[in-house]
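# Structural overview for review
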Amino acid sequence: MPVVLIRREEAADVPVIAGIHAAAFGGEVEKNLVTALRASSAWLPRLSLVAEDGGRVVGHVVCTRAHVAGRPALGLGPLGVVPAQQKSGVGSALMHAVLAAADALDEPVVVLLGHTDYYPRFGFRPAASFGIEPPDPAWGNHFQARPLSTYDSSVRGPFAYAQPFNEL
């Protein structure tokens, strides 16, 4: 595993982050999503983190404001790592850091749409097990949630991502 430093995004990182997402996902969708999220009121600068390896930014993760039945929640994503460093622990380091940061900010729950083989290692479970309903029922168990320290089990109902997610 490379030795990486996880830190908050800085202004100089913005073009590098765009390149990371384009390379990691092989297209423009995630890159454009991050750009749109950054311009929205849902952007939470304290939850936009980068991974540095030898002074070079090699990964990025972000959580933005979302809601469960009108109550605050976080939507995680995208999480991107440069292809040469995927499966090296960089993504895991970013996940642990962003979840810890969200918990320290007293956020109640983090929700994402992702691989059922990857995210359970970080405490994610099908969101339905918490009574959190996906925007698209076809997402099934890929729609996952991770309660944090201030989670209240009465937070149940339909989940709404930040508006830019709806414009994909």
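Quick note: structure is the one above.
Conventions and cut-offs
- Residues numbered from 1 in each chain as written.
- Predicted model: local features only at pLDDT ≥ 70, side-chain atom pairs only at ≥ 80, totals over all residues.
- Heavy atoms only, no water.
- Buried < 20%, exposed > 50% of the residue type's maximum accessible area, 1.4 Å probe, protein only.
- Helix = DSSP H or I, 4+ residues; strand = E, 2+ residues; numbered from the N terminus.
- Pairing = 2+ DSSP bridges.
- 1 Å grid on protein atoms, 1.4 Å probe; cavity = no way out; pocket = protein on both sides within 12 Å on 5 of 7 lines; lining within 4 Å.
- Points joined across faces, edges and corners; volume = space filled by probe spheres on them.

On to the pairing of strand E3 (residues 56-68), then. For E3, the buried fraction is high: 10 of the 13 residues fall into the buried class. Here strand E2 (residues 43-53) pairs with E3 via seven bridges, running antiparallel. Counted as the bridge partner of Ala51 is Gly59 from E3. The turn joining E2 and E3, which pair antiparallel and follow one another in sequence, is formed by two residues; a positive phi near 60° is taken by Gly54. Bridge count between E3 and strand E4 (residues 71-81): nine bridges; the pairing is antiparallel. Note on E4: the bridge partner recorded for Val68 is Arg71. In textbook terms, the turn of a hairpin is the stretch between consecutive antiparallel strands, and for E3 and E4 this stretch comprises two residues, one of which, Ala69, has a positive phi near 50°. In this structure, E3 lies alongside strand E9 (residues 157-160), joined through two bridges in antiparallel fashion. Each residue of the ladder has a partner; that of Val68, found in E9, is Phe159.

Looking at the secondary structure, you find Thr35 in helix H2 (residues 29-38). Residue classification places Thr35 among the partly exposed positions, given a relative accessible area of 45%. As for Thr35 and Ile17, which are separated by 18 residues in sequence, their C-alpha atoms are 9.5 Å apart.

Its boundaries defined by the atoms lining it, the largest pocket holds a volume of some 880 Å³. Lining the largest pocket are 33 residues, and of these Phe25, Leu79, Leu113, His115 and Tyr119 lie nearest its centre. Contributions of two or more residues to the lining of the largest pocket are made by helix H1 (14-25), H2, E4, helix H3 (90-104), strand E5 (109-113) and helix H4 (163-166). Here the lining of the largest pocket gets six residues from one element, more than from any other, and that element is E4.

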